[in-house]
Amino acid sequence: MTEYRIKGQTGEWEVILGLEVHAQVKSKSKLFSGAPNDFGAEPNENVSLVDAGMPGMLPVINAYCIEQAVRTGLGLKAQINLHSVFDRKNYFYPDLPQGYQISQYLDPIVGKGKMIIDMPNGTTREIGITRLHLEQDAGKSLHENSGKYSLIDLNRAGIALMEIVSEPDMRSPEEAGLYLKKLRSIVRYLGTCDGDMEKGSMRCDINVSVRKVGSPLGTRCEIKNVNSVRFMMKAIEFEAARQVEILEGGGVIDQETRLFDASTGETRTMRSKEDAHDYRYFPDPDLLPLEFSQEFVNKIKASLPELPDDKKARYISEMGLSAYDASVLVADQATAQYFETVVAKHNPKLASNWITAELFGRLNKAGLDIENSPIGTEKLSGLLLLIENNTISGKIAKVVFDKMFETGKNAAQIVEEEGLKQVTDTGAIEKVIDEVMAANLDKVAEYRSGKDKLFAFFIGQVMKLSAGKANPQVVNELLKKKLG
């Protein structure tokens, strides 16, 4: 576990974190209506009479959204409840036209589960999942360009949300960030949510409290609707420090809901925190309890893809990759697909190194993701082939790779145009070695008198004189003979 402590005047404080992640279900229509679930539509374009809360309109459950929730629960190694109930969560807000939200409370569709996160030091942490429940999203209040009025857009109202609630098992901003990234990776693999936080299809509420190490849990504050991993980590850092400062000053923490202001890096009060009884939950009279069979669950389970943890284990056991490299490759589904296409033709460690080090380094610098890489799988495969058959050295390959990234040309074309083929002819290499030795007779004498470390100097000089084209293995063998 990552040791994250806040040092106060009275000693060290521990941070206790739990996350409530709202993930929009990937579906064509909403949870209880046939209105389309499209991002980017004009305001109030995707709204049915049900979504608008018109009198007499009855919700009809979207069976596909139920499948997606079960699919996600299975991906989280969680208990699937064959009996669940939809409740009305009663509260007033202008963008909640019904005056209540259809959600789940005591009987959610998914129960306890777990997630394994990989820590940077090579260890793993198990984070408990409390539950996953389905609910409908609210609309959106717009305050720009409207003078003294707030405008309401109900396009989002009624969209199916999976609220995934963790146990308070995280102890640092870093762990919370890794948990959220892993959760986003899993739902993307499953195809149950696109995980796009910028578009709001995944949002995070953070429960933060602090305590002296080993003491009982403190009063928590909830930070609402954080829409990026980076902002979430900043919000935790600020909020934990704020709570420590209050407690060490003799104050008490009020249980409240807060917002994170990205422009200032601070949290601020939104409202006092409600408890369950404030919402007056009761079973929705328009919806029967949800019942399905174990066969239904088994059928969905049989259709699951290979998930990140299983893929990582296979890369380690079958391909001999390190745990770190395997974790990097499986973190994103597009990266894993890219790797698997390349590794079908090449050595796994060679393919992994060129993707995780060389390709990722250039993509990060250019601000691109792997799906928009100027070097596709075929082009990388072409480069690796030239390395494997000794047409070019690893050093020259990096030069070629840069030119591929800049121009979009394939490796063989660049090598041919620029005369970069590796020299393997022993006669030509011997000639270069003779020149280097003749120019450094003093160092030859020193080497022969026992200064073995000078061997690296001769290697470097030969490679320099050959413009990096000499085959390193041949150079090594011939130098040993000549110097000996």
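Scroll up a little and you will see the structure.
Here's a quick rundown of the structure.

Rules used throughout
What you see as residue numbers is a count from 1 along each chain, following the sequence as written. Reporting of local features is limited, given that this is a predicted model, to residues whose pLDDT is at least 70; pairs of side-chain atoms are given and counted only at 80 or more, and all residues count toward the totals for whole chains, interfaces and linings. Water and hydrogen atoms were dropped before computing side-chain values, which therefore reflect all heavy atoms in the structure. In the sections that follow, a salt bridge refers to a side-chain nitrogen of Lys or Arg positioned within 4 Å of a carboxyl oxygen of Asp or Glu. Counting from the N terminus, the helices are the DSSP runs of H or I reaching at least four residues and the strands are the DSSP runs of E reaching at least two. Burial here depends on accessible area, computed with a 1.4 Å probe over protein chains only, as a share of the maximum for the residue type. Under 20% is buried, over 50% is exposed, and the range in between is partly exposed. Any two strands between which DSSP finds at least two bridges are classified as paired. Residues count as neighbours in contact if any of their non-hydrogen atoms are within 4.5 Å of one another. Residues grouped as a nonpolar core are buried Ala, Val, Leu, Ile, Met, Phe, Trp, Tyr and Cys residues, joined through side-chain atoms within 4.5 Å. Classification of ring pairs uses Phe, Tyr and Trp, with its six-membered ring standing for Trp, and accepts pairs whose centres are within 6.5 Å; under 30 degrees between planes counts as stacked, over 60 as edge-to-face, and the remaining range as tilted. Multiplying 1.5 Å by the residue count of a helix minus one yields the expected span of that helix. Comment: axis = line fitted to C-alpha atoms, over the contacting stretch for helices; angle = value between 0 and 180 degrees taken between N-to-C directions. To sort the angles, those under 35 degrees are grouped as roughly parallel, those over 145 as roughly antiparallel, those from 65 to 115 as roughly perpendicular, and the leftovers as oblique. Under the convention adopted here, Pro, Cys and the residues Ala, Val, Leu, Ile, Met, Phe, Trp and Tyr are nonpolar, Asp, Glu, Lys and Arg are charged, and Gly plus all remaining residues are polar. The crossing is said to be left-handed when, going from far helix to near helix, the turn is anticlockwise and less than a right angle, and right-handed when the turn is clockwise.

1. Thoughts on the pattern of salt bridges
- Inspection of the entire model under this criterion finds 26 salt bridges.
- In this structure, Asp137 and Arg203 form a salt bridge, with 3.2 Å as the shortest nitrogen-oxygen distance. Separated by 66 residues along the polypeptide, Asp137 in the loop between strand 7 (124-136) and strand 8 (140-142) and Arg203 in strand 11 (residues 202-212) bring together distant segments of the chain. Taken as a pair, Asp137 and Arg203 share a single burial class, namely buried.
- It is possible to trace a salt-bridge network through shared partners that takes in Glu239, Arg242, Glu256 and Arg258.

2. Observations regarding the pairing of strand 10 (residues 160-166)
- Most of strand 10 is tucked away, with 7 of its 7 residues classed as buried.
- Side-chain alternation along strand 10 places Ala160, Met162, Ile164 and Ser166 on one buried face and Leu161, Glu163 and Val165 on a second face that is also buried.
- Both strand 2 (residues 11-24) and strand 10 contribute to a ladder of 5 bridges, which runs antiparallel. The residue of strand 10 that forms the bridge with His22 is Glu163.
- Of the strand pairs in this sheet, strand 7 and strand 10 are connected by 7 bridges, and their pairing is antiparallel. Looking at the pairing, Glu135 lines up with Leu161 of strand 10.

3. Thoughts on the sheet that holds strand 15 (residues 282-283)
- If you walk across this open sheet you meet the 3 strands as 5-4-15, and the pairing is antiparallel. Edge positions in the sheet fall to strand 5 (100-103) and strand 15, since each has one partner strand and no second.
- Pairing of strand 4 (residues 87-90) with strand 15, which is carried by 2 bridges, proceeds in the antiparallel orientation. Across the sheet, residue Arg88 finds its bridge partner in strand 15, namely Phe282.

4. Thoughts on the side chain of Ser103
- Within the fold, Ser103 resides in strand 5.
- Classification of Ser103 as buried rests on a relative accessible area of 1%.
- The residues contacting Ser103, other than those within four sequence positions of it, are Val85, Phe86, Asp87, Lys89, His133, Leu134 and Glu135.

5. Points about the nonpolar core
- Ranked by internal contacts, the top residues of the largest apolar core, which has 101 residues, are Ile109, Tyr179, Ile206, Leu380, Leu383 and Val400.
- The greatest single-element share of this core, amounting to 8 residues, is contributed by helix 2 (residues 173-190).
- Dropping the residues within four chain positions of it, Leu383 is found in contact with Trp354, Ile392, Ala397, Val400, Phe401, Met404 and Ala411.

6. Remarks on unusual backbone geometry
- In the Ramachandran plot, Asn44 falls in the positive-phi region, its phi being about 60° despite a non-glycine side chain.
- Not every positive phi belongs to a glycine, and Asn225 is a case in point at roughly 50°.
- Structurally, Asn225 can be placed in strand 12 (residues 221-226).

7. A look at the packing of aromatic side chains
- By the definition in use, this model includes 9 aromatic pairs.
- Ring geometry for Tyr105 versus Tyr281: centroids 4.2 Å apart, planes at 10°, classification stacked. Placement of Tyr105 in the loop between strand 5 and strand 6 (113-118) and of Tyr281 in the loop between strand 14 (266-272) and strand 15 is noted, with a sequence separation of 176 residues between them.
- Look at Tyr279 and Tyr281: their rings are 6.1 Å apart centre to centre, the planes differ by 70°, and that puts the pair in the edge-to-face class.
- Judged by its relative accessible area of 23%, Tyr281 falls in the partly exposed class.

8. Quick look at helix 2
- Relative to the 26 Å expected for 18 residues at 1.5 Å per residue, helix 2 spans 26 Å between its end C-alpha atoms, a close match to the ideal helical length.
- Two residues or fewer past helix 2, Gly191 is found with a positive phi of approximately 75°.

9. Focus: the packing of helix 12 (residues 426-439) against helix 13 (residues 441-448)
- Put simply, helix 12 and helix 13 touch, their axes get as near as 5 Å, and they point 95° apart. Classified by the angle their axes make, helix 12 and helix 13 are roughly perpendicular. On helix 13, the residues touching Met437, Ala438 and Ala439 of helix 12 are Leu441, Val444 and Arg448.
- Considering only residue class, the contact of helix 12 with helix 13 consists of 5 nonpolar, no polar and 1 charged.

10. So, the packing of helix 5 (residues 308-319) against helix 7 (residues 333-343)
- Where helix 5 contacts helix 7, the axes come no closer than 13 Å and their chain directions differ by 25°. Taken together, helix 5 and helix 7 sit at an angle that is classed as roughly parallel. The way helix 5 lies across helix 7 gives a crossing that is left-handed. Residues Lys311, Arg314, Tyr315 and Met319 of helix 5 lie in contact with helix 7, whose contacting residues are Ala336, Phe339, Glu340 and Val343.
- Split into classes, the residues belonging to the contact of helix 5 with helix 7 amount to 5 nonpolar, no polar and 3 charged.

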